[in-house]
Amino acid sequence: MSIGTGKDLCEYGEIRYHLIDICDAGEKYNLHRYLRDFHHAYEDILSRKKFPVICGGTGMYVENAIKGIRMPEVPENVILRERLKNKSLEELTEILKATKTLHNTTDIDTPKRAIRAIEIQEYYSQHPEEYDLTQPGEGQMLNTLVIGLDIPREQRRERISSRLRARIEEGMVDEVRNLLDSGISPEDLIYYGLEYKFLTLYLIGKIPYERMLSELETAIHQFAKRQMTWFRGMEKRGIKINWLPYNLDDNDFISEVESLVTSKK
């Protein structure tokens, strides 16, 4: 899952990276696993006297990481899953809304995700002491410097569309076809959303190519807009984001970041 996830490993050079290629295609990675893996990598980096950088990822994952939040392991609830398995996504969404405020649509992208989200909320209702650990203020806030790239909406849309076309040309359709041919079920790939959802729907004959491309492009633009909304929310929740122009040349960008890091110390 290299092209569709945008690993871009060729851009890293000699820089050591973490949390890439850590699980197999088809696995259900989630916030709990991310926070566990993040803290392990973060503490390892610090132990080697190195400077850790979180780069990329969704706002929700980044915010929870820098707030020091840790999440308990929530086991599968077989009885609950059996009770919910025949409900529509709309019904599952209403059930979930009754238990939590939906800050994004990730939890209700598919019935599987919605059932898992309900399962987690059910577990927390029965184990309030573990739920408390997931709340801001319970974890140790990390000493962080947060940098964002400030890009006008139209330029952002142009770059997203250009990048999508480049990944299609790079072989993203064949990547998903190979995943399906390897035995990974369409349902498991659709679970990931965005690129893997729409390309899978195309490859199994549910939607034509042009519709796939159009709906995928729209979905990525919508996702980017939601991420910007999340980042603005982070600032309202007390996390300062230092916005730098997206079109700074490399030397100016490095100079700005070094200045921010120095002033933070």
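This text gives an overview of the structure that appears in the document.

The rules we used
- Residues numbered from 1 in each chain as written.
- Predicted model: local features only at pLDDT ≥ 70, side-chain atom pairs only at ≥ 80, totals over all residues.
- Heavy atoms only, no water.
- Core = buried A, V, L, I, M, F, W, Y, C linked by side-chain atoms within 4.5 Å.
- Buried < 20%, exposed > 50% of the residue type's maximum accessible area, 1.4 Å probe, protein only.
- Helix = DSSP H or I, 4+ residues; strand = E, 2+ residues; numbered from the N terminus.
- Contact = heavy atoms within 4.5 Å.
- Salt bridge = Lys/Arg side-chain N within 4 Å of Asp/Glu carboxyl O.
- Phe/Tyr/Trp six-rings, centres within 6.5 Å; stacked < 30°, edge-to-face > 60°.
- Arc of directions from axis to C-beta.
- Axes fitted to C-alpha atoms, helices over the stretch in contact; angles between N-to-C directions.
- Parallel < 35°, antiparallel > 145°, perpendicular 65-115°, else oblique.
- Patch = residues over 30% accessible without salt bridge, like charges linked within 9 Å, V, L, I, M, F, W, Y side chains within 5 Å.
- Areas by Shrake-Rupley, 256 points an atom, 1.4 Å probe, with all protein chains shown as cover.
- Lys, Arg positive; Asp, Glu negative; His and termini not counted.
- Charge placed at Lys NZ, Arg CZ, Asp CG, Glu CD.

Regarding the nonpolar core
Of all hydrophobic cores here, the largest spans 22 residues; its most connected members are Leu189 and Leu199. The set of elements that each furnish at least two residues to this core consists of α7 (153-170), α8 (172-181), α9 (186-191), α10 (194-203) and α11 (209-236). Setting aside residues up to four positions removed in sequence, leucine 199 forms contacts with Ile168, Met172, Val173, Val176 and Met212.

A short note on the pattern of salt bridges
This structure, assessed with the given rule, holds 18 salt bridges. Among the ionic pairs, glutamate 154 bridges to arginine 153, the shortest N-O distance being 2.9 Å. Among the ionic contacts, a cluster of salt bridges with common partners joins Glu76, Arg81, Arg116 and Glu119.

Brief notes about the packing of aromatic side chains
Following the criterion strictly, the structure yields eight aromatic pairs and no others. Between phenylalanine 38 and tyrosine 42 the ring centres are 5.5 Å apart and the planes differ by 25°, which places this aromatic pair in the stacked class. In this pair, phenylalanine 38 and tyrosine 42 both sit in helix α1 (residues 31-47), four residues apart, roughly one turn of the helix. Each member of the pair, phenylalanine 38 as well as tyrosine 42, carries the same accessibility label: buried. Centre to centre, the rings of tyrosine 202 and tyrosine 209 are 5.4 Å apart; their planes meet at 75°, and the pair counts as edge-to-face.

Overview of α8
Restricting attention to buried positions, one finds in α8 the residues Met172, Val173, Glu175, Val176, Leu179 and Leu180. All buried residues of α8 fall inside an arc of 160° around its axis, so they share one side. Those residues of α8 hidden inside the fold are in contact with α7, α9 and α10. Of the residues flanking the end of α8, it is glycine 183, one or two places downstream, whose phi is positive at about 110°.

Remarks on the packing of α8 against α10
Each pair of packed helices gets described by two things: the angle between the helix axes and the distance between those axes. Contact geometry for α8 and α10: axes closest at 10 Å, N-to-C directions at 75°. With respect to their mutual orientation, α8 and α10 come out roughly perpendicular. Where α8 approaches α10, its residues Met172, Val173, Glu175, Val176, Arg177, Leu179 and Leu180 are matched on the opposing element by Glu195, Tyr196, Leu199, Thr200, Tyr202 and Leu203.

Some thoughts on the environment of leucine 145
Its place among the elements puts leucine 145 in the loop between α6 (128-131) and β1 (146-150). On a C-alpha basis, the gap between leucine 145 and leucine 180 in space is 41 Å, while along the polypeptide they are 35 residues apart. For leucine 145, the residues in contact, after removing those within four places along its chain, are Asn242, Leu260, Val261 and Lys264.

Topic: a negative patch on the surface
On the surface, Asp249, Asp250, Asp252 and Glu256 cluster together into a negatively charged patch. Relative to the helices and strands, aspartate 252 is located in helix α12 (residues 250-264).

Some remarks on the environment of isoleucine 69
Within the secondary structure layout, isoleucine 69 lies in the loop between α2 (59-66) and α3 (78-84). A sequence separation of 71 residues divides isoleucine 69 from glutamine 140, and the C-alpha atoms of the two residues are 7.3 Å apart.

Structural notes on α2
Among the eight residues of α2, seven are classified as buried, and the element is accordingly described as predominantly covered. Within α2 the residues assigned to the buried category are Gly59, Tyr61, Val62, Glu63, Asn64, Ala65 and Ile66. Where α2 is buried, its residues touch α1, β1 and α11. Just downstream of α2, glycine 68 is the residue with a positive phi angle, here 75°.

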